[in-house]
Amino acid sequence: MKTIKEINEKIKKGEAVVVTAEEVIDLVQKKGVKKAAQEVDVVTCGTFGPMCSSGAYFNIGHSKPRIKIGGGVCSLNDVPCYTGFAAVDFYLGATALPEDDPRNKVYPGEFKYGGAHVIQELVSGKDIRLEATAYGTDCYPRRKIETLVRLSDMNEAVLFNIRNCYQNYNVAVNLSDKPVYTYMGMLKPNLGNANYCSAGQLSPLLKDPYYRTIGIGTRIFLGGGTGYIAWQGTQHNPCVPRKENGIPQSPAGTLAVIGDLKQMSPKWLVGVSMLGYGATLVVGIGLPIPVLDEKVIEHAAAADKDIYAQVVDYGTNYPNCVPGSLGEVNYEQLKSGKIIVQGKEVLTGNLSSYSKAREISEELKRRIKENEFVLSEPVAPLPGADSGYSFKSLKERPIVTKEE
Amino acid sequence: MVSKRIVLHFPHRLVNQPIVYKLVKEYDLKFNILKAFVTPEEEGLMVLELNGKRENFEHGIEYLKSCGVKIQALSQDVIRNEEKCTNCGVCIPICPTQALYLDKETAKVNFDSKKCIACELCVKICPPRAMEVHF
């Protein structure tokens, strides 16, 4: 019906009709799928939640004399970086912690400052303390360096998140009799609360459930700047059971995303601390869905009431990798503030900011309307619902040492 | 009748005295202890909800002041750093008095400081640490 090329022509002329993933719901209800598909060119989605598998790589330029940080030890504001690359390239992960952080020794640990916080400070333009030690070589003689660095002085600073944007997620509860501190927040004992983490009807992969318009190379809003889908994310699991509307009932697809950190903003990359769990980065992602045909807009019009998630016990089952759901609820129920689990009314909390997701979808809409953002053609598809691609548990095998 | 939540700071010399007892006995005030602790410097802190006739309440407060207890209205204690709050809402089910609640229209988290009992449960569980305690 429409191609991305045709939509881009309209964007360039300032004629594209762009609606958010929230607005499209009412629109399709009022006008019907057929008319809506003719009228609308792009649907914008957004999400703003903690995404642990995030981080950034840097090239800081060569010092005089040269130092080979590669294979050495390097930290930014005492947070260790991964240095297993060439001389002055290194990677900082969102969950990395300073060596002297007490972690969970005083339980529950506070995790006040980690890699995610460094990333947020870098994009705020702040000076960061770099310390590195190296073993010294003939061509890289220096052994030690201590200097302030900032984002604008770096050669490359690239956000490269290997798993973001989960297509749906669990609703976490605690059936045990003591509080647990998880990546889903603090869960009070005996079904004291139920935490979820999704923008629901605004969340990118829930609105294109079969990844029909999204693929490797898709241009996205990332942390306030422009980024791209680099690959399917780790733990991509597209073959889970789906509802009739095609939407997965449990965590499914994921994205690996990449973009220039220098363009990003501390508003959309926020370092946070999960009590008793660790540091992590809240990432703002916006994704445009080109309305190529009626099926696309029909999927994009899924509302909170059409999207279901599984209630999972994080007291005993999750930590022990015991599968099973305590029941399913939809996002309309979750957003009402309470759900029923095992006959008990349980208050709900979201880890993913819906108001910020809405702001991202509005901002992406504005950028497209004002021709600041054009759509890209994916260069390859993501493994889909019938690909057989799946997320496996680890099979542990004993390490047998040969006897001499 | 009035019902107010107040924070009492007891200096070291008063920590051992039955001051709250007097509020009941002499001033006919109902009390509900929302929080109480003694700091390492042996200063006492107590968050009380007091309930009773206005006149009695005022006299009770005068009595506390005359003993040397510092009194502070509760709402000043926990504040939200609006810059830091991402409006996620994970604090909402944790708050025992619904002082933190979701505005369905804006999808933002509202903080009603009048309802806050300064239990501080939200402070450490807030991922961006937007809830701050100011004594």
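Residues numbered from 1 in each chain as written. Chains lettered and ligands numbered in written order. Predicted model: local features only at pLDDT ≥ 70, side-chain atom pairs only at ≥ 80, totals over all residues.

(A) Structural view of the domain arrangement of chain B. Residues and elements named next belong to chain B. Each assigned domain of chain B is listed here: domain 1 (2-75) and domain 2 (79-135). In this assembly, seven residues from domain 1 lie in contact with six residues from domain 2. Looking at the side of domain 1 that touches domain 2 residue by residue, the class counts come to four nonpolar, one polar and two charged. (Domains from an automatic or database assignment. Contact = placed C-beta atoms within 7 Å. Nonpolar A, V, L, I, M, F, W, Y, C, P; charged D, E, K, R; others polar.)

(B) Geometry of the interface of chain A and chain B. The interface is formed by 25 residues belonging to chain A together with 18 residues belonging to chain B. Of all elements in the fold, only β2 (42-50), β12 (185-187), β18 (269-274), β23 (344-350) and α7 (354-369) of chain A reach the threshold of two or more residues within the side of chain A that touches chain B. Of the residues in the side of chain A that touches chain B, the class split is 11 nonpolar, 11 polar and three charged. (Helix = DSSP H or I, 4+ residues; strand = E, 2+ residues; numbered from the N terminus.)

(C) Highlighting helix α2 (residues 23-39) of chain A. All names here are of chain A. Look at α2: only 13 Å from first C-alpha to last across 17 residues, short of the 24 Å you get at 1.5 Å a residue. The axis of α2 is deflected most strongly, by about 115°, at glycine 32. For α2, the secondary structure elements touched by its buried residues are β1 (18-20), β2 and α5 (294-300). (Expected span 1.5 Å × (residues − 1). Bend = angle between axes of the 7 residues up to and from the residue.)

(D) Geometry of the environment of serine 361 of chain A. One can find serine 361 of chain A in helix α7. Residues contacting serine 361 of chain A, with those up to four places away along its chain left out, are Thr20, Ala21, Glu22, Thr44, Cys45, Gly46, Leu202 and Gly286 of chain A.

(E) Summary view of the environment of threonine 97 of chain B. Residue and element names in this part refer to chain B. Positionally, threonine 97 belongs in the loop between β5 (78-80) and β6 (100-103). Classification of threonine 97 by C-beta neighbours within 10 Å gives partly exposed; the count is 14. Separated by 80 residues in sequence, threonine 97 and glutamine 17 have C-alpha atoms that sit 30 Å apart. In this view, threonine 97 contacts Lys115, Cys116 and Ile117; residues no more than four positions away in its chain are not counted. (Buried ≥ 20, exposed ≤ 12 C-beta atoms within 10 Å, placed from the backbone.)

(F) The arrangement of unusual backbone geometry in detail. Residue and element names in this part refer to chain A. Proline 65 follows lysine 64 through a cis peptide bond whose omega is -5°. Position of proline 65 relative to the elements: it lies in the loop between β3 (55-59) and β4 (73-76). Following tyrosine 107, the chain continues into proline 108 via a peptide bond in cis, with omega recorded as -10°. At arginine 103, a position not held by glycine, the phi torsion is positive, near 50°. As for its placement among the helices and strands, arginine 103 is situated in the loop between β6 (89-93) and α3 (115-123). Taking the number of C-beta atoms within 10 Å as the measure of exposure, arginine 103 has 14 and is therefore partly exposed. One non-glycine residue, cysteine 321, adopts positive backbone phi at about 60°. The class of cysteine 321 is exposed, set by 8 C-beta atoms lying within 10 Å.

(G) Broad picture of the environment of glycine 136 of chain A. Residues and elements named next belong to chain A. Counting through the fold element by element, glycine 136 comes out in the loop between β7 (128-133) and β8 (144-149). In this structure the C-alpha to C-alpha distance between glycine 136 and glycine 315, which are 179 residues apart in sequence, comes to 49 Å. With residues up to four places along the chain from it excluded, the contact list for glycine 136 reads Pro141, Arg142 and Arg143.

(H) Inspection of the sheet that holds β8 of chain A at higher detail. Residue and element names in this part refer to chain A. Strand order in this open sheet of four strands is β5-β4-β7-β8, and the pairing throughout is antiparallel. Two strands bound the open sheet, and with one partner strand each, they are β5 (79-80) and β8. The pairing of β4 with β7 spans four bridges and is antiparallel. The partner of serine 75 across the bridge, within β7, is glutamate 131. Across the sheet, α3 touches β4, β5 and β7, and the angle it forms with β7 is around 125°. (Pairing = 2+ DSSP bridges. Axes fitted to C-alpha atoms, helices over the stretch in contact; angles between N-to-C directions.)

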